[in-house]
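Take a look at the letters that make up each chain.
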Amino acid sequence: MSKIKGAIVVDEARCKGCNLCVTACPTHTLALTTGEVNHKGYAFCRDVAGACIGCASCAIVCPDGCITVYRKKMD
């Protein structure tokens with residue numbers, strides 16, 4: 001059975017730091033930035049662990065549609 005590796009792309013300029021994606025992630029891949037804000041003054045989410053499995057839970061719960069999840073089949 002092949003494994004799926006995910007990659008997350010966050011639109012940091014649109015992210016308002018609501019923390020819903022961080023809570024929804026089963027692998028704790030996402031976290032809000034500390035000490036860095038976007039042009040609106042919000043802390044934004046970022047991939048910190050690199051352990052994405054491509055489940056797209058974060059993208060589903062994002063109210064602003066800031067997250068895109070890509071999946072790649074690993075052999």
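Since we're looking at a predicted model, the values are computed, not measured.

What counts, and at which threshold
Residues numbered from 1 in each chain as written. Predicted model: local features only at pLDDT ≥ 70, side-chain atom pairs only at ≥ 80, totals over all residues. Heavy atoms only, no water. Helix = DSSP H or I, 4+ residues; strand = E, 2+ residues; numbered from the N terminus. Rg over C-alpha atoms; globule rule 2.2 N^0.38 Å. Contact = heavy atoms within 4.5 Å. Areas by Shrake-Rupley, 256 points an atom, 1.4 Å probe, with all protein chains shown as cover. Lys, Arg positive; Asp, Glu negative; His and termini not counted. Charge placed at Lys NZ, Arg CZ, Asp CG, Glu CD. Buried < 20%, exposed > 50% of the residue type's maximum accessible area, 1.4 Å probe, protein only. Salt bridge = Lys/Arg side-chain N within 4 Å of Asp/Glu carboxyl O.

Visitor: Would you explain the overall build of the protein in this entry?
Guide: Counting its regular elements, the protein contains 2 helices and 4 strands. Counting from the amino terminus, the protein carries its helices and strands in the arrangement β-α-β-β-α-β. Since a compact globule built from 75 residues should have a radius of gyration of about 11 Å, the 12 Å found for the protein is in line with a globular shape. Reported as C-alpha extents along the three principal axes, the dimensions of the protein are approximately 45 × 20 × 20 Å. A separation threshold of at least 6 residues defines the contact pool for the protein, and within that pool the share at least 24 residues apart is 59%. Of the roughly 4,800 Å² that the protein leaves accessible, carbon and sulfur atoms contribute 55%. In the protein, 9 positive and 6 negative side-chain charges are present, and the distance between their average locations comes to 6 Å.

Visitor: Help me out: how do you make sense of unusual backbone geometry in this one?
Guide: Working note: non-glycine residues mostly have negative phi, and peptide bonds are mostly trans. Within the chain, asparagine 19 stands out as a residue other than glycine whose phi angle is a positive 75°. Looking at where asparagine 19 falls in the secondary structure, it is placed in the loop between β1 (3-10) and α1 (20-24). With relative accessibility at 31%, the residue asparagine 19 sits in the partly exposed group. Of note, the phi angle at histidine 28 is positive, near 55°, even though the residue is not glycine. Mapped onto the elements, histidine 28 comes out in the loop between α1 and β2 (30-32).

Visitor: In this structure, what is going on with the pattern of salt bridges? I would like to understand it.
Guide: Once the charged atoms of two side chains with opposite charge are near each other, the side chains can pair. Considering all chains together, one arrives at 4 salt bridges under this definition. Here lysine 16 ties to aspartate 64 by a salt bridge, and the two come within 3.6 Å at their closest N and O atoms. In this pair, lysine 16 sits in the loop between β1 and α1 while aspartate 64 sits in the loop between α2 (57-61) and β4 (67-74), placing the two residues 48 residues apart along the sequence. Residue aspartate 64 is classed as partly exposed on the basis of its relative accessible area, which comes to 27%. Between arginine 46 and glutamate 36 there is a salt bridge whose closest N-O contact spans 3.2 Å. Here arginine 46, found in strand β3 (residues 45-47), pairs with glutamate 36, found in the loop between β2 and β3; they are 10 residues apart in sequence, far enough to count as distant. According to the relative accessible area criterion, arginine 46 is partly exposed, its value standing at 29%. If you follow the salt bridges from partner to partner, you end up with Glu12, Glu36 and Arg46 in one network.

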